[in-house]
Each structure stands twice: as C-alpha cells, then as structure tokens.
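Next come the chains, spelled out residue by residue.
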Amino acid sequence: MTAPTSSPPQVLPARASVAVKALQLSNWLSRALGRGSGTVAGGRVGLALDPALLATLANGRRVALVSGTNGKTTTTRMLVAALSDEGGQPIASNDTGANMPAGHVAAMVESFGSPTAVLEVDEGYLGRVIEDTHPRVVVLLNLSRDQLDRISEVRMLAERWRAAMDGLRSPSGRTGPGTVVVANADDPMVAWAALAAPEVRWVGAGQVWHNDAVGCPACGGRIVFGDQGSWACDGCDFARPPCDAWIEGSVLVTADGSRHSLAIGLPGQFNRANAAMVAVAAPCMTDDGAPGGPGPRLSLPAVLDRIATLDQVQGRFASSMRNGHPVRLLLAKNPAGWVAIFDLLDESRPPDSPVVLSINARIADGLDTSWLWDVPFDRLAGRSVTATGDRRLDLAVRLHYAEVPCKVVPDPLAAVDRAIDMGSRGGVDSVPGADGGIDFLGNYTAFADFRKRI
Amino acid sequence: MSNPGADSSLTIAVVYPDLLGTYGDGGNGLVLARRASWRGVGVRLVQANSGRPLPTADIYCIGGGEDGPGITAAKALRAEGTLQRAADNGAVVLGVCAGFQLLGHSFPDSADRSHAGLELLDVTTHKGTGRRAVGDLVAVPTPSAPRRAADQPLPPLIGFENHSGVTTVGPEARPVAQVVTGVGNGGGDGTEGAWSGRVFGTYLHGPVLARNTSLADLLLGWALSTSDGPVALEPLDDTDELALRGERMAAVERSGRSRVVRWFRGLRP
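Note that the structure is a prediction, hence the values are computed from the model and not measured.

Some points on the interface of chain A and chain B
Next up, step 1: Contacts between the two partners involve 28 residues from chain A, matched on the other side by 37 residues from chain B.
Next up, step 2: When chain A packs against chain B, close to 2,800 Å² is buried across both sides, 53% of that on carbon and sulfur atoms.
Next up, step 3: On the chain A side of the interface with chain B, the three residues burying the most area are Glu153(A), Trp373(A) and Tyr401(A), jointly 24% of the side's total.
Next up, step 4: Taken together, the links from chain A to chain B amount to 5 salt bridges.
Next up, step 5: Glu153(A) is the partner of Arg132(B) in a salt bridge, and the nearest nitrogen-oxygen pair spans 3.7 Å.
Next up, step 6: Our enumeration of links across chain A and chain B arrives at 13 residue pairs in polar contact (both at pLDDT 80 or more).
Next up, step 7: Among the elements of the structure, α7 (154–167) and α12 (392–401) of chain A are those that each provide at least two residues to the side of chain A that touches chain B.

Here's what the structure looks like:
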C-alpha cells in the first residue's frame, strides 16, 4: 500500500481528544466488568462528550458506507476483505454489527491511524452518517419490512434515504471527489432513493422479495415486475435504471460485456448478490483522484479473488460441532431474509435434513411476531422441525397453520440435541441429513445467544 | 343448528396483499381457510392482488399497510365496488389496522389529510397527536360484542397494535371490546375495534385470528350460516394457540402494562 496523500488527523481538537479518552476508558471498563464487547457503551460516552466526534474522526479518511435491510454485515465484511492487502494498514470497520454512530466512532478509535473506514450503517441513520463522514462510496443493498415496531415502514425509509442522496448534490463545506452511490437496481425502493444521487453505479443484484415494492413511491401507481429483473410503474415513468453490472446466475456481467464468475466461499444467491455489489463498489474506493488513494485501481477480478476466501461472517454460515455433528448457523431476521435462507437450504441440503428454528422478539428483533406469517414456512414440509427461542409458541402456531409438524423445545441447545437425535434415527447412515449436518436458523438475538452457547 | 355439509364451500379472499400485507395480516386468511378445511369444508383461499378485478368471496380479509399503498387500495376498492356489493349481499369483511380504517367514512395519511373510505362501518379515523400506539393490546369484549351463541361470548382479544390513528365509532356501529392493555381505538373511551352486521374491524395484529381462534370461528360461523340459522362448528385441537395465549397473557402481566390481570382476578369468586 502506498503512503496516503492525506490521513486522519493525528492531533485531535481538545474536545474530541477528551471524548476519545473517555470512550476508551468506558470500553475498557465495560470489558473488564464483563458487560459485553463494550463498543456501544464507549461510543455513546464519546458522542455525549463531543457530538461532532464522528465527523472529526472521519475527517481525512476515505469512508465507505453499507446500508440496507439484509446483507449489511456480510457486505461490509466483504468490502473490508476487498480493500485489504497483506501488510497494509488495518481498515476501521464496525465488524461486530454495532451499526449506529456509537459503533462507528468506536470502530474509528480502535483503528485510529487507518486511512480507510468501511462502516455498516443502520438504515435509519444513513443520512446522518453520510453528513458526518463525507463517504467516497455508499452501498445501498435493499429495503424490505423489518422490525416495524421500531424501524419505519419501507416507504418512510426510502424517502429519508432519498433526501440523504439529494443532500450529496450540495455537500456542505467539503472539497475533493464526490460520493459514488452503488445501488441495487432490482429493488425499486432502493432505486427511488438512489435516483436522487448525483453519481450512481447501478447493479442488477437481484431481489426475490417484491412484497414491499408494489406501490410506486413516485406516483402511487403499481410497479409491475417482468422477466429478467425488469420492473416499471404502470402510472409514471419510474422504471429499472440501465445497469452498469448485473448477475446472470452465478456470473457477474458488466456493461462492457466482460463476465466474471461469482465463485465465492459464502453460500447462497444473496451472498453472490452482496459480492456483486462489492465488486462494483471496491474499485470506486481506489479510483484515481480520491484523496489518500491506496495506489493502483483495484480491478474487479482482483476484488472477487479477495472475497472468495471468506467462508463465515460473525459466525453466520459457519458450522459448529455438537456431539460430533456439524451444526450450521444461519441468521434470518425478516421475511425477505427467511426466503433467502430457505433458497439456501434447498440449494445446499437434502430435502429432509433437520432444521432448528429459534425466534425471539426482543427490542433488537422487533417486538411483534406477526411477520412470521409472511414467511413461507410450508417450504419446510418434509423436514424434521424443532421450534425454540423465547417465542417458540408463536412459531408453533404458525407452523401448525403451515401444516408443518414441529416439536417445541424451550432450550435452544436441547432443541439442537433433539434435532441431531431425530436425524440420526431417520437417516439410513445414522447421520442427520445425507451430508451429515443440521441447520440452526435464528433471528437476531436468537442467533447471537445460540452462537455464544455453542 | 345444521352442520356444514361436505359440499359446502367457502371462498376466502385476502384483499390486496401486495398493498396491505405489511403487518402479517395475510395470516388471517390462512387461519380461516385451515380451520374450515380441517372441518371438512371445501375452501378456496385467494390472494387477490391489486390491479385486477377483486373476486367474489364469502369472506374478505383486509390487512394493515403503509399510508401510500393504503390510499391506493381504498381508491381502487371504491372505484370497482365489488367489496361493497359483496358486503351488502352478506359477505363477511374483516379489516385490520389500515384495513379497519379504510372500512369507515374517512381515514388519514401521514399529514392527516383525509381520504374517503368504503363506508362499510360507521367509523371515522383521524391522525392521533400523541405517540404512535405500539405494543401488546389486550381488550375484553363488551356485552354488545358479537358472540357465536348466546352462551358463547368471545374471550379477551389479544394481539399487537402499531398505528397512529384515532378511530371514533358512530351510532351505526358498536365497539368490539374495552381495552385493558394498550390503546386500541384511541378516542379516549377505551374502546377497541368496531363491528356491525358482518363487518368487523380491529387494530389487532398477531395475526388477530391466530391468537383469537374464537373470533376466527365466529367469522366462519357467519360465513357458513344458512337460512336455517347458524351452523355448528366442531371444536378443533387448539392446544398450540391456548399455550400461546397463556404465554402472552403472562408476558403482558410481567411487563406491568396491564390491568387485565386484575380484571381476571376480579372474576374469580
């Protein structure tokens, strides 16, 4: 990596300096007291002492932001891998999923001298974080229903994103290159927002979930979805923008006609979609003219090479051993995410492999479990299903009406043991599933709790 | 009472799930369809998306949605008139949240501009001035609430509400229940939902019929009743649902939001 032409301020203003010290102390205390990884607590303290701390820490850094309902953490991790090279400086990134400003300042302090930051951003905070960090690249993945008791409805979010994108046209008090928005053209809600941005790279990354995008955000007409990802409103001229790159099966095609295999270590079509977004976004971070450019422009194949070796992200997609059996951990937080995970099951497992489903409804999950009824659980017919988690009874009722028999087991570990047992008894070779694995599917806190315990 | 014959059949339409499917209320159609078919009644469950004619059905389920799509849905339903005609002919209509609001005279958008409803229920909704009502909702049916039979009043209705509307019930409709936890209609009288004839509106998500199967069977009974009178519905195994109701009631009690526990305790001798 060549020396950056600009770098983060080595000497902070007095107020920011105090805030950083307080942040570090809080994090140290938080960890020492065993109250978690401490990133959020310290970040909150830092921001309370200096509300401009995020802007101060971002000044002089080249920043990429990743937002969307699903795939934020994985895509952020992929983008870090794409921008990392051996011997280079570490990249500041909130890789624990603390995706609000408290997590962002904590990540920046952790990698203080790093000229590059790749930040996962909660959908609701995108506008504020854009203002504070003057990003070089913003990656917009998708928008669908999620935690409706806490996060806004999809159209409200799309409108707020659109205002943030429009704000990129008149950046206050900044110089240098502008922001490139890398947007998923297959999601009309994302497109509605990104069309307001001054510079967009459109990626046809795919979006199987259309149920939040039928009402046109521009005119109230109907958006009609056609073949090969095309969509258009029947009442106005809002339609899928022409793409700079798009996915055909497991190949990424660019507008100049070149084709690149999306052969990556992470499973599932949704991860190939995330990889496609990163393949377009990462080169924009190294474009000539960017301040502190790390050197030669990254090529698209080089990006794909670098992310190919990732095989798990924060425990997601990873297998843990339990009593000699591999248990794959999968996270799905909302209907669109569950549909993607069911696609992954069909792609990677025999049709009768056992699954354990764990559902919580804590604040981070959304308190209302009604969304379970938007998930096509009938797709699990034929599998041995065990229901667990805080809200296993909601799940049991849902599965009852999907006519998918399930066994309710309060404790998630006991649920997995039961699934292993069922698999062993059912399989000819005395192993669960033909390939010997079972899957644990949890929503946010259900997944995090189980990962800690196993 | 007569039993639903094997040749009886029901058409259940989920109205515009592409516009009014945001809050999982499509599950109401599935619950009704399963509970009918488990009793040997032939059922057709139709996901009636917008942009095409609404089919004729015995039961219509209208769910919650976002402001913009809700307005689009109301305009389309008013323009084509199928739903009002079906309701006039005795079809059962269940409206939830935005779906409840648009059954009335008028309902608000996010800026509290008023939009014309379907005039199927004597209710009017404005935008509330306080915080959005979000959380568990428990409401005890009033004496004027519908019941499956004289000796079968509905048990407490439970679910989750998420809305900012204030709904006033006019004289042609009756409130369904009295709120013990949560907000409900929000007009200050502590009521939740409204009904008249075979039109039933509520703010309860969950979906409401999955957590309150007595209400599901009440609506099925309306739809299957003949000129000979109401039909008998054989009981189903509701073990899962009863366990869920027990767990939710206990959770509401723990959360300390509730007056329902005191209400229950007051019932005991």
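Overview of the pairing of strand β13 (residues 199–202) of chain B
Residues and elements named next belong to chain B.
Next up, step 1: Covered by surrounding structure in β13 are Val-199 and Gly-201 together with Phe-200 and Thr-202, the residues of both alternating faces.
Next up, step 2: Looking at chain direction, strand β4 (residues 92–96) and β13 are connected through 4 bridges and run parallel. Counterpart to Gly-95 in the pairing with β13 is Gly-201.
Next up, step 3: Taken together, the 3 bridges between strand β12 (residues 191–196) and β13 define a ladder with antiparallel strand orientation. What sits directly across from Trp-195, in β13, is Phe-200.
Next up, step 4: Hairpin connection from β12 to β13: 2 residues lie between these consecutive antiparallel strands, with Gly-197 at a positive phi of about 60°.

Some remarks on the pattern of salt bridges
Next up, step 1: Counting across every chain of the model gives 30 salt bridges over all chains.
Next up, step 2: Across the salt bridge formed by Arg453(A) and Asp411(A), the nearest N and O atoms sit 2.7 Å from each other. Taken together, the positions of Arg453(A) in helix α14 (residues 444–453) and Asp411(A) in the loop between β16 (406–408) and α13 (412–426) put the pair 42 residues apart, joining distant regions of the chain.
Next up, step 3: Classification of Arg453(A) as partly exposed rests on a relative accessible area of 45%.
Next up, step 4: The partly exposed category is assigned to Asp411(A), whose relative accessible area is 28%.
Next up, step 5: A salt bridge links Arg39(B) to Asp217(B); the shortest N-O distance between them is 2.9 Å. With Arg39(B) in the loop between α1 (27–37) and β2 (42–48) and Asp217(B) in helix α6 (residues 213–224), the pair connects residues that are 178 residues apart, well separated along the chain. For the pair Arg39(B) and Asp217(B), one class covers both residues: buried.

A short note on a nonpolar patch on the surface
Next up, step 1: Taken together, the side chains of Leu25(A), Trp28(A), Leu29(A) and Leu33(A) make up a nonpolar region of the molecular surface, amounting to roughly 470 Å² of accessible area.
Next up, step 2: Note that Leu25(A) resides in helix α1 (residues 14–32).

Let's talk about the packing of α1(B) against α6(B)
All names here are of chain B.
Next up, step 1: Interhelical geometry of α1 versus α6 gives an angle of 70° and a closest axis separation of 10 Å. What the angle tells us is that α1 and α6 run roughly perpendicular. Of the residues in α6, those touching α1 at Val-31, Leu-32, Arg-35 and Ala-36 are Thr-213, Ala-216, Asp-217, Leu-219 and Leu-220.
Next up, step 2: Classifying every residue of the contact of α1 with α6 gives 6 nonpolar, 1 polar and 2 charged.

Thresholds, definitions, all that
- Sequence order sets the numbering: in each chain, residues are counted from 1 along the sequence as written.
- Chains carry letters and ligands carry numbers; both start at the beginning, A for chains and 1 for ligands, and go up in the order they are written.
- Only residues with pLDDT of 70 or above have their local features reported here, since the model is predicted, and side-chain atom pairs are shown and tallied only from 80 upward, although totals for entire chains, interfaces and linings are computed over all residues.
- Note that water and hydrogens are dropped before the side-chain values are worked out from all heavy atoms of the structure.
- The contact definition used throughout considers only heavy atoms, calling two residues in contact when any of these lie within 4.5 Å.
- Two parts placed together each lose some accessible area under a 1.4 Å probe, and the buried area is that loss summed for both.
- Salt bridge, as applied in this entry: a Lys or Arg side-chain nitrogen positioned within 4 Å of an Asp or Glu carboxyl oxygen.
- Under this definition, polar contacts are N or O atom pairs within 3.5 Å; protein pairs additionally need one hydrogen-donor-capable and one acceptor-capable atom, and for neighbouring residues in sequence, both atoms have to be side-chain atoms.
- Each helix is a run of H or I in the DSSP string that is no shorter than four residues. Each strand is a run of E no shorter than two, and both are numbered from the N terminus.
- Whether a residue is buried, partly exposed or exposed follows from its accessible area with a 1.4 Å probe, protein chains only, as a fraction of its type maximum: under 20%, in between, or over 50%, in that order.
- Here, a strand pair is defined by DSSP locating no fewer than two bridges between the strands.
- Any residue with relative accessible area above 30% and no salt bridge may belong to a patch, with like charges joined within 9 Å and the nonpolar Val, Leu, Ile, Met, Phe, Trp and Tyr side chains within 5 Å.
- Computed with the Shrake-Rupley method and a 1.4 Å probe, the accessible areas treat only the protein chains shown as cover for residues.
- An axis is simply a line fitted to the C-alpha atoms; with a helix, the fit covers only the stretch in contact. Between two such axes, the angle follows the N-to-C directions and lies from 0 to 180 degrees.
- Should an angle fall under 35 degrees it is called roughly parallel, over 145 degrees roughly antiparallel, and 65 to 115 degrees roughly perpendicular, with every other angle called oblique.
- The nonpolar class holds Ala, Val, Leu, Ile, Met, Phe, Trp, Tyr, Cys and Pro. Asp, Glu, Lys and Arg form the charged class, and all remaining residues, Gly among them, are polar.

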